[in-house]
Number of protein chains: 2
Amino acid sequence: MNAVESTLEVASFTPYPITHHPIHIELHEESMTVTWDHQHKSEYHYLWLRDNCHCPECISTKTREQVFEICDVPYTIKPSNAYITDDHRIVVDWDYADHTSKYHPGWLLSHCYSEEVVQSKQWKPILWDKERITTELPRAKSSTLIQSDEVLLTWLRDLRDYGIGIVSDVGTELGSLKAVTDRIAFMRESNYGTLFDVTTTAKANTSANTNIRLPLHTDLSARELQPGLQFLHCLVNDATGGESIYVDGFKIAEYMREHHPEEFRDLSTIPMTFNNKDPYCDYNYRSTVIATDSNGEVTEVRHANFIRVPIDVPAHQTMALYKAYQCFIRLTREPAFQLFFRLTAGEMVVFDNRRVLHARNAFDLKTGMRQLQGCYIDRDEFLSRIRILERSTTLSGS
Amino acid sequence: MNAVESTLEVASFTPYPITHHPIHIELHEESMTVTWDHQHKSEYHYLWLRDNCHCPECISTKTREQVFEICDVPYTIKPSNAYITDDHRIVVDWDYADHTSKYHPGWLLSHCYSEEVVQSKQWKPILWDKERITTELPRAKSSTLIQSDEVLLTWLRDLRDYGIGIVSDVGTELGSLKAVTDRIAFMRESNYGTLFDVTTTAKANTSANTNIRLPLHTDLSARELQPGLQFLHCLVNDATGGESIYVDGFKIAEYMREHHPEEFRDLSTIPMTFNNKDPYCDYNYRSTVIATDSNGEVTEVRHANFIRVPIDVPAHQTMALYKAYQCFIRLTREPAFQLFFRLTAGEMVVFDNRRVLHARNAFDLKTGMRQLQGCYIDRDEFLSRIRILERSTTLSGS
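Source: prediction; values computed, not measured.

## What to know about the overall build of chain A
Next, step 1: From N to C terminus, chain A includes 11 helices and 22 strands.
Next, step 2: Counting only C-alpha atoms and orienting by the principal axes, one finds that chain A spans roughly 80 × 55 × 45 Å.
Next, step 3: By sequence separation, contacts in chain A at least 24 residues apart represent 72% of the contacts at least 6 residues apart.
Next, step 4: Here chain A has roughly 16,400 Å² of accessible surface; of this, 50% comes from carbon and sulfur atoms.
Next, step 5: Separation between the mean location of the 41 positive side-chain charges and that of the 55 negative ones in chain A comes to 8 Å.

## Looking at the relation of the copies chain A and chain B
Next, step 1: Aligned on chain B, chain A shows an RMSD of 0.0 Å; the corresponding rotation is 180° and the shift along the axis is 0.0 Å. Taken together, the rotation angle and the small translation identify this as a two-fold axis. Across chain A, the smallest distance between a C-alpha and the rotation axis is recorded for Leu225 of chain A, namely 3.4 Å.

## Quick word on empty space enclosed by the protein
Next, step 1: Tallied over the entire structure, the rule returns three cavities of 30 Å³ or more.
Next, step 2: Here the largest cavity is characterised by a volume of approximately 340 Å³.
Next, step 3: Taken together, 28 residues line the largest cavity, and the ones lying closest to its centre are Arg188, Leu225 and Asp378 of chain A together with Arg188 and Asp378 of chain B.
Next, step 4: Contributing elements (two or more residues each) for the lining of the largest cavity: helix H11 (379–392) of chain A together with helix H11 (379–392) of chain B.
Next, step 5: Among the elements that take part in the lining of the largest cavity, H11 of chain A stands out by supplying three residues, more than any other.
Next, step 6: Of the residues that constitute the lining of the largest cavity, the class distribution is 10 nonpolar, three polar and 15 charged.

## Focus on the sheet that holds strand S3 (residues 41–45) of chain B
Residues and elements named next belong to chain B.
Next, step 1: Taken in spatial order, the three strands make up an open sheet running S1-S2-S3, and their pairing is antiparallel. Edge positions in the sheet fall to strand S1 (22–27) and S3, since each of these pairs with one other strand and no more. Shown here is a sheet whose adjacent strand axes are inclined to one another by a mean of 25°, direction ignored.
Next, step 2: Examined bridge by bridge, strand S2 (residues 31–36) and S3 share five bridges and lie antiparallel to one another. Within S3, the residue paired with Ser31 across the bridge is His45.

## Quick notes on the sheet that holds strand S6 (residues 100–103) of chain A
Residues and elements named next belong to chain A.
Next, step 1: The strand order S4-S5-S6 describes an open sheet built from three strands, whose pairing is antiparallel. Edge positions in the sheet fall to strand S4 (79–84) and S6, since each of these pairs with one other strand and no more. If you compare each strand with its neighbour and ignore which way they point, the axes differ by 15° on average.
Next, step 2: Sheet topology note: the S4/strand S5 (residues 90–94) ladder contains five bridges and is antiparallel.

## As for the side chain of Ser42 of chain B
Residues and elements named next belong to chain B.
Next, step 1: Take Ser42: it is sitting in strand S3.
Next, step 2: For Ser42, a relative accessible area of 1% puts it in the buried group.
Next, step 3: A distance of 3.0 Å separates the side chain of Ser42 from the side chain of Trp36, its partner in a polar contact.

## Things to note about the interface of chain A and chain B
Next, step 1: Contacts between the two partners involve 85 residues from chain A and, on the opposite side, 84 residues from chain B.
Next, step 2: Taken together, both faces of the contact between chain A and chain B bury some 7,300 Å²; the carbon and sulfur share is 52%.
Next, step 3: If you look at where chain A meets chain B, you find 10 salt bridges.
Next, step 4: Salt-bridge contacts for Asp282 of chain B lead to Arg391 of chain A; the nearest nitrogen and oxygen are separated by 3.3 Å.

## Brief notes about the pattern of salt bridges
Next, step 1: Tallied over the full model, the rule gives 42 salt bridges over all chains.
Next, step 2: Linking Asp149 of chain A and Arg183 of chain A is a salt bridge whose minimum nitrogen-to-oxygen distance equals 2.8 Å. Highlighted residues: Asp149 of chain A in helix H6 (residues 149–162) and Arg183 of chain A in the loop between helix H7 (178–181) and strand S9 (196–198), separated in sequence by 34 residues.
Next, step 3: Salt bridges here are not isolated pairs; linked through shared partners, they connect Glu224 of chain A together with Glu300, Arg302 and Arg354 of chain B.

## Comments concerning unusual backbone geometry
Next, step 1: One non-glycine residue, Leu220 of chain A, adopts positive backbone phi at about 50°.
Next, step 2: Mapping Leu220 of chain A onto the fold places it in the loop between strand S10 (214–217) and strand S11 (229–237).
Next, step 3: Positive phi, close to 65°, is recorded for Ala97 of chain B, a residue that is not glycine.
Next, step 4: Tracing the sequence through the fold places Ala97 of chain B in the loop between strand S5 (90–94) and strand S6 (100–103).

## Some remarks on the confidence of the model for chain A
Next, step 1: The predicted model of chain A averages 92 in pLDDT, with 93% of residues at 70 or higher.
Next, step 2: Under a pLDDT of 50 for its full length, residues 1–11 of chain A has, in the predicted model, 23 contacts with residues more than four places off or in other chains.

## Regarding the side chain of Asn237 of chain B
Residue and element names in this part refer to chain B.
Next, step 1: By the element assignment, Asn237 lies in strand S11 (residues 229–237).
Next, step 2: Here the side chain of Asn237 touches Leu343 through a polar contact of 2.8 Å, landing on its backbone oxygen.
Next, step 3: Dropping the residues within four chain positions of it, Asn237 is found in contact with Arg342, Leu343, Met369 and Arg370.

## Here's the deal with the packing of aromatic side chains
Next, step 1: Counted under the stated rule, the structure contains 16 aromatic pairs over all chains.
Next, step 2: A centroid spacing of 5.4 Å and a plane angle of 15° characterise the contact between Tyr246 of chain A and Phe341 of chain A, whose relative ring orientation is stacked. Here Tyr246 of chain A is found in strand S13 (residues 244–248), whereas its partner Phe341 of chain A is found in strand S18 (residues 338–341), with 95 residues between them in sequence. When sorted by exposure, Tyr246 of chain A lands in the same class as Phe341 of chain A, which is buried.
Next, step 3: Ring pairs connect the aromatic residues Tyr44, Trp48, Trp107 and Tyr113 of chain A, which therefore count as one cluster.
Next, step 4: Over the ring of Tyr283 of chain A we find Arg223 of chain A; its NZ or CZ atom is 3.8 Å from the centre of that ring.
Next, step 5: If you follow Lys323 of chain A out to its NZ or CZ, it ends over the ring of Tyr75 of chain B, 5.7 Å from the centre.

## Details of the environment of Asp37 of chain A
All names here are of chain A.
Next, step 1: Looking at the element boundaries, Asp37 is found in the loop between strand S2 (31–36) and strand S3 (41–45).
Next, step 2: For the pair Asp37 and His20, spaced 17 residues apart in sequence, the C-alpha separation works out to 6.0 Å.
Next, step 3: Dropping the residues within four chain positions of it, Asp37 is found in contact with His20, His21 and Ile23.
Next, step 4: In terms of polar contacts, Asp37 uses its side chain to reach the side chain of His20, at 2.8 Å.

## Remarks on the packing of H6 of chain A against H11 of chain A
The packing of two helices is summarised by the inter-axis angle and the distance between the axes.
Residue and element names in this part refer to chain A.
Next, step 1: The geometry of H6 relative to H11 is characterised by a closest axis approach of 10 Å and an angle of 140° between their N-to-C directions. Our classification of the angle between H6 and H11 gives oblique. When the axes of H6 and H11 are compared, the crossing they make is left-handed. Only Phe382, Leu383, Arg385, Ile386, Leu389 and Glu390 of H11 make contact with H6, whose side of the interface consists of Asp149, Leu152, Leu153, Leu156, Arg157, Leu159 and Arg160.
Next, step 2: When grouped by side-chain class, the residues that make up the contact of H6 with H11 number eight nonpolar, no polar and five charged.

## Quick look at the packing of helix H8 (residues 249–259) of chain A against helix H10 (residues 315–332) of chain A
Residue and element names in this part refer to chain A.
Next, step 1: Here H8 crosses H10 at 125°, and the two axes come no closer than 10 Å. One finds that H8 runs oblique with respect to H10. Where H8 crosses over H10, the handedness of that crossing is right-handed. Seen from H8, the contacting residues are Ile252, Tyr255 and Met256; seen from H10, they are Ala324, Cys327, Phe328, Leu331 and Thr332.
Next, step 2: Among the residues making up the contact of H8 with H10, the classes are represented as seven nonpolar, one polar and no charged.

## Considerations on helix H10 (residues 315–332) of chain B
Within an α-helix, residues lying three or four positions from one another point in the same direction, as the helix has 3.6 residues per turn.
Next, step 1: For H10 of chain B, spanning 18 residues, the distance from its first C-alpha to its last is 27 Å, which sits close to the expected 26 Å at 1.5 Å a residue.
Next, step 2: Taken residue by residue, H10 of chain B has Thr318, Met319, Leu321, Tyr322, Ala324, Tyr325, Gln326, Cys327, Phe328, Ile329, Leu331 and Thr332 of chain B as its buried positions.

Reading the values: the criteria
Residues numbered from 1 in each chain as written. Chains lettered and ligands numbered in written order. Predicted model: local features only at pLDDT ≥ 70, side-chain atom pairs only at ≥ 80, totals over all residues. Heavy atoms only, no water. Helix = DSSP H or I, 4+ residues; strand = E, 2+ residues; numbered from the N terminus. Contact = heavy atoms within 4.5 Å. Areas by Shrake-Rupley, 256 points an atom, 1.4 Å probe, with all protein chains shown as cover. Lys, Arg positive; Asp, Glu negative; His and termini not counted. Charge placed at Lys NZ, Arg CZ, Asp CG, Glu CD. Least-squares fit on C-alpha atoms with pLDDT ≥ 70 in both. 1 Å grid on protein atoms, 1.4 Å probe; cavity = no way out; pocket = protein on both sides within 12 Å on 5 of 7 lines; lining within 4 Å. Points joined across faces, edges and corners; volume = space filled by probe spheres on them. Nonpolar A, V, L, I, M, F, W, Y, C, P; charged D, E, K, R; others polar. Pairing = 2+ DSSP bridges. Axes fitted to C-alpha atoms, helices over the stretch in contact; angles between N-to-C directions. Buried < 20%, exposed > 50% of the residue type's maximum accessible area, 1.4 Å probe, protein only. Polar contact = N/O pair within 3.5 Å; in protein donor to acceptor, adjacent residues only side chain to side chain. Buried area = accessible area lost by both parts, 1.4 Å probe. Salt bridge = Lys/Arg side-chain N within 4 Å of Asp/Glu carboxyl O. pLDDT = per-residue confidence, 0-100. Phe/Tyr/Trp six-rings, centres within 6.5 Å; stacked < 30°, edge-to-face > 60°. Lys NZ or Arg CZ within 6 Å of the ring centre and 35° of its normal. Parallel < 35°, antiparallel > 145°, perpendicular 65-115°, else oblique. Left-handed = near helix turned anticlockwise from the far one by under 90°. Expected span 1.5 Å × (residues − 1).

Right, here's the structure in full:
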C-alpha cells in the first residue's frame, strides 16, 4: 500500500512535540543517518525503521498495538527511495512488498538510540550514607499525600531516588496505612497475606515476630521477586529498644565496586540459595546477593543471612564467595552507612525492600508494647503510578 | 562453649536419614575431605563448616533460623581438632572463640556440594515439540485433583516438567476454576485483577479482548515478574475459529542454542524493552527475550511483539538483535513446534506463562460466543505447593 495520513501517526499516550526538523538524510548499507536542524545526528537502521512503521496496516487501529512482525520482511530490507517532505516528515519506500512508511519528526527524534542519548535518559539512584540521609531523608504528611497529586508525585520520585522516606500523621489504627497505599496501587500478596502485623507471637515462624534482634536483611528473599516497596506503620512503640536501622544496599554495592572490586564481582556473579519454610509453605530461590542489569548497573540487593541455606557452589568458588559475603556484611554494619531511628506511633517508614536493608534491635516486652503493621507494593506498580501522575500533573517528567 | 547434644542438630522440616557413615577425615589448608563408607568423598571448607554449625548458640531455638553470621569469625578459621565420634558424628573444635561444632552424618552427606552431586540434583524440563506433546500432554480430571493429594502432586510435577497440561470437567460457571486453583495457592493480582475474563469488548485496551488473531506471546511481559502459571478456563466456545496454539519456548531456545548459537547468545544477552499502557497504568520492563541462570540454563522466555517498544541498543548490536529476534519468531511459527487444539466448554488449559508461548487464531463473532476466564499463580507458590505435598504424600521427592 502507499503511505497515507494516519490517525495513528503517533500511537501513544506520550506527546511527541516537534522541537526539531530533519534537514538531511544519508543512506548507508544497513542504516540511514538523519541530520537534525540542531546538528544532532541520529542513525536509524533500516530494519528498525521498517519495524517502527506507524501505518494502520502495521499497527492495529483498535488497540494501538503492533500487528506487523519484523520476521515478515527480509533481514536485508532497504529503502528504494527516501526523502524529507515539505512538512518535515521522513518518507521511506521499501524495496520489499511495495510498502511505504512515514515518520513523525517528534517521535523519531525522541527515539534516537545513539548511546549518548540513551545514557542520558538512564535513571540513577541517589546513594546515601548516614550523613547524607540524616539531612536529606524525604518526609511527607499523610494528609498532603492523600490530597495532592503533585505532592504525591514529588514524594514518590524521592522514594524512587533515595529508596526510603517517612510519612507522618498516618494515625494509630490498624489499616490506616491504606489511605496512603491506595494512592499508589494494590498490595502485593504473600503467604503472610496482604496486610501483615509485626507483633510478638508465641508460635513465631519467622524472627520478625519475636522480640530478638533482627540483623540487616531484605524481606522475602526466598521469593524470586522480593517485594518492592515495604510500608511499616508504627501503631505502638512503648517497649524499650526496638530501634530501626536502615542501610542503602546500593551504596554498599558501589562502595564494594570501588574499594573491593573482586568481592563485588564475586558477590554479583556467584549465587547462593535462600529458603523459607513453615508447615504450609516452602519457598526456595537461588540468586546472587547483588544483581546487576545488562549495563552492569546494580538493580537489587538480596540479603537475609538467617534464611540462606548452605552454600553449594563449586569448590573453587566457595572461598571467594565467603570472602565477598563477609566483606558485604561487615560493610553493612559500619555505623557510617546506617540510618538509625526510632519510629513513633503514627509514623510510617516506606522503603525499597530490594535496595534498602532493614534491621531492628531487640526490645524488652516487659517495658511496654510494640506493634507495627506492614504491606508491600511491587516496583512495577510503584513506577507505573509515577508515570501516570507524570501524564496529568504539571511537573515535568524525570 | 563446648559442643553439647542439641535438639536442633537437624533444624529442618526435611528428614535426613543416616544412609552412610564417615570413615575418614583429612585436613587441608582451607578445607576437610570426608570419606564415606561407600567411598564417596566430600570436600567441606572450614568456613562452610563453621557457617553450618547447628548448636543452639548459632541457630535460634525459637525460629530455627541462623543467629550466627559468618563475618564474625576470621576468613582463616581452622579446626584445632577434628574427629569422628563413636556414634558417627564429626566434631570440630575451632581455633577461634573456643567454639565446637558437631555434624549429623545424614545432614552432612545430603549437603555435599561436589559438582557431580549438585549437578545430579538439578531439575531439567521435558522439552517438547508437536509430536512429543501430542502423545504426552498431561491431562487430569478436576474432581480427582480436588480429592487426591497424590493425583494433585503427580499432576503438578507434570505441569512443572512439561510446562503445560489440561484439566477436564471444570464446569462452565464463572469462577469454577477456583476449585482447582485453591488446591495450589492464592492468585497473582495484576492490573486486570485476579480473575480475568477474555471476552470481546468494544473498548479493548489489549488485543486479548478483541476477536483478532493473537500472535504467540507470553502474558504481562511488561512486568518484571511475568506471571508463572496461567489458567485459561473455557466457558463457551461456539464461534468459528479461535483455536489455541502453544509452543515450548524452552525447546525453541535450546534449538537455537544448538543450531543458531550466535542468535541464541545475542537473544539471551541483548535486552529489549516492553511497555504496556492504558489510561490507568504504564508498565515498563527491560529484559532479554531468553533469560538464563548462572549455569547458563534457560529459565524464562519473554515475548510479546505487540507491546515491545522500539529497540534502543547500541548501533553495533542493533542488527545482531534483529537477526536473533527474526530467527526466534520464525522458529515459533514452525508447525513442527506447535501444539494446536480447540478448547471445549468445561476444559481448562494450564501452562507456564514464562516458558510456553500461546496464541489464538482470529474468530468470527457472528458464528457464536467465545468466553474464557483466567488467572495466574506465580512459580514461587506453585513450586512451594509441590514441596509441601512431597512432605506429606508417599510419593518420593523428585
